[in-house]
Amino acid sequence: MASALNLGEFEQLILLAILRLGDDAYGVTIRAELAVRAERPVSPGALYTALQRLEAKGVVTSRMGDPTPQRGGRAKRHVAVTALGIRALRRSLQAYQRLLDGLDLFRGAHA
Amino acid sequence: MRDIDRAQRLLGLFTSADCAEAIAGDLIEERRSHGGFWFWRHVLGTVLAVSRSAVTDAPLQALNLVAAGCALFAIPAFAGVAAVSLFPQLIGTLVSWIVLSLFWWGGGLWTGASLATIAPTRGMAACVVLALAPMLIPRYRVLGVTRRAHGRSSAPSTGYGFGRLAEDVVRVIDAIGVKRPS
């Protein structure tokens, strides 16, 4: 495996939310996606610091959009997952998959 | 200066200009459904979160920020203390100025500025509000309300509990016709 980058659980959730949202991924929509799909209400502060960390790791990139009047004339900061991010995410999720193999966790066998 | 400008300036002290603009925009976008209190709570929450991560990620830069922050608050504080020591009669003005600036930075807290906002809290008589009144009068109607059992009113040992206080506040609010007590 070329990349040795490890992602935390919260980081994996954010990356998955960004991938699902595609071009519409920015602060507000990512938080909404996490609240609905992952049933995880995330405070704006927690999300922005995590995004900064992910950008510093080279896992996501961001670009400023156009200013919109609904946002007081402020631009959106669109984020996207990089190729490195995809590789790191795949690697983390494959680890889960391998560990889940042979377990009957979802049918309550280990309750 | 509007709330969003103030928020963006504050965020800009702790993060890049682009980030501050986008975060302020995100928060103002959500403010419509969550309200002004939510907005300021999360502006401050984001500032705290960003500065906390700055401490862990770049301790030196964080030290600079702390120094800048101390200077920002220390200069007016020293000036205020010096002024009061020279002219003791200024103490009321200094206290009013501090309280007013807190209110001012609260931004949205001003909306619906009403009796409930400036009603004296437990233990305070209406006369305390008088110190602030001159600065509020140009924009608001200022009413001072003294709680039961304060000042020269009677103070029986029972019957003046929080239930009665709440009832009194509601009555005063109804009497002066406040629609949205904040």
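Structure: see above.
Source: prediction; values computed, not measured. (Residues numbered from 1 in each chain as written. Chains lettered and ligands numbered in written order. Predicted model: local features only at pLDDT ≥ 70, side-chain atom pairs only at ≥ 80, totals over all residues. Heavy atoms only, no water.)

Draft legend 1. Examining the pattern of salt bridges more closely. Taken as a whole and assessed by the stated rule, the structure comprises 13 salt bridges over all chains. Between A:R53 and A:E11 there is a salt bridge, with the nearest N and O atoms lying 3.4 Å from each other. Taken together, the residues A:R53 in helix α3 (residues 44-57) and A:E11 in helix α1 (residues 9-21) connect sequence positions 42 residues apart. On the basis of relative accessible area, A:E11 is assigned to the buried category, the value being 6%. Among the salt bridges present, the one from A:R71 reaches B:D26, with a minimum N-O distance of 2.8 Å. Placement of the pair is A:R71 in the loop between β1 (60-68) and β2 (74-81) and B:D26 in helix α2 (residues 17-34), with the two residues belonging to separate chains. Residue A:R71 is classed as buried on the basis of its relative accessible area of 1%. Overall, the relative accessible area of 3% leaves B:D26 in the buried class. Members of the salt-bridge network, linked through shared partners, are A:E11, A:R53 and A:K57. (Salt bridge = Lys/Arg side-chain N within 4 Å of Asp/Glu carboxyl O. Helix = DSSP H or I, 4+ residues; strand = E, 2+ residues; numbered from the N terminus. Buried < 20%, exposed > 50% of the residue type's maximum accessible area, 1.4 Å probe, protein only.)

Draft legend 2. Fine view of a nonpolar patch on the surface. Residues and elements named next belong to chain A. A cluster of nonpolar residues, L16, L19, L93, Y96, L100, L103, L105 and F106, forms a patch on the protein surface that exposes about 750 Å² of accessible area. Of all elements in the fold, only α1 and α4 (83-100) reach the threshold of two or more residues within the nonpolar patch. No other element matches α4, which puts three residues into the nonpolar patch. (Patch = residues over 30% accessible without salt bridge, like charges linked within 9 Å, V, L, I, M, F, W, Y side chains within 5 Å. Areas by Shrake-Rupley, 256 points an atom, 1.4 Å probe, with all protein chains shown as cover.)

Draft legend 3. Highlighting the nonpolar core. Core analysis: the biggest nonpolar cluster contains 21 residues, and A:L7, A:I14, A:L15, A:I18, A:I30, A:L34 and A:L54 have the highest contact counts within it. Secondary-structure elements contributing two or more residues to this core are α1, α2 (27-37), α3, β2 and α4 of chain A. Looking at which element gives the most residues to this core, the answer is α1(A), with six residues. With near-sequence residues (within four places) excluded, A:I30 lies in contact with A:I14, A:A17, A:I18, A:L21, A:A25, A:L47, A:L51 and A:V79. Ranked by size, the runner-up nonpolar core spans 15 residues in total, among them B:L10, B:I23, B:F39 and B:W40. (Core = buried A, V, L, I, M, F, W, Y, C linked by side-chain atoms within 4.5 Å. Contact = heavy atoms within 4.5 Å.)

Draft legend 4. Seen up close, the environment of A:L5. All names here are of chain A. As for its placement among the helices and strands, L5 is situated in the segment before α1. Owing to a relative accessible area of 21%, L5 belongs among the partly exposed residues under this scheme. When the C-alpha atoms of L5 and V59 are compared, they prove to be 9.3 Å apart, with 54 residues separating the residues in sequence. Not counting the four nearest positions on each side in its chain, L5 is found in contact with K57, V59, L84, A88 and R91.

Draft legend 5. Main features of the packing of helix α1 (residues 3-12) of chain B against α2(B). All names here are of chain B. At their nearest, the axes of α1 and α2 sit 9 Å apart, and the two run at 140 degrees to each other. Comparing their axes, α2 and α1 come out oblique. Once α1 is placed against α2, the crossing between them reads as right-handed. In this structure, α1 uses D3, I4, Q8, L11 and G12 to contact α2, whose residues at the interface are A20, E21, I23, A24, G25, I28 and R31. When its residues are assigned to classes, the contact of α1 with α2 shows six nonpolar, three polar and three charged. (Axes fitted to C-alpha atoms, helices over the stretch in contact; angles between N-to-C directions. Parallel < 35°, antiparallel > 145°, perpendicular 65-115°, else oblique. Left-handed = near helix turned anticlockwise from the far one by under 90°. Nonpolar A, V, L, I, M, F, W, Y, C, P; charged D, E, K, R; others polar.)

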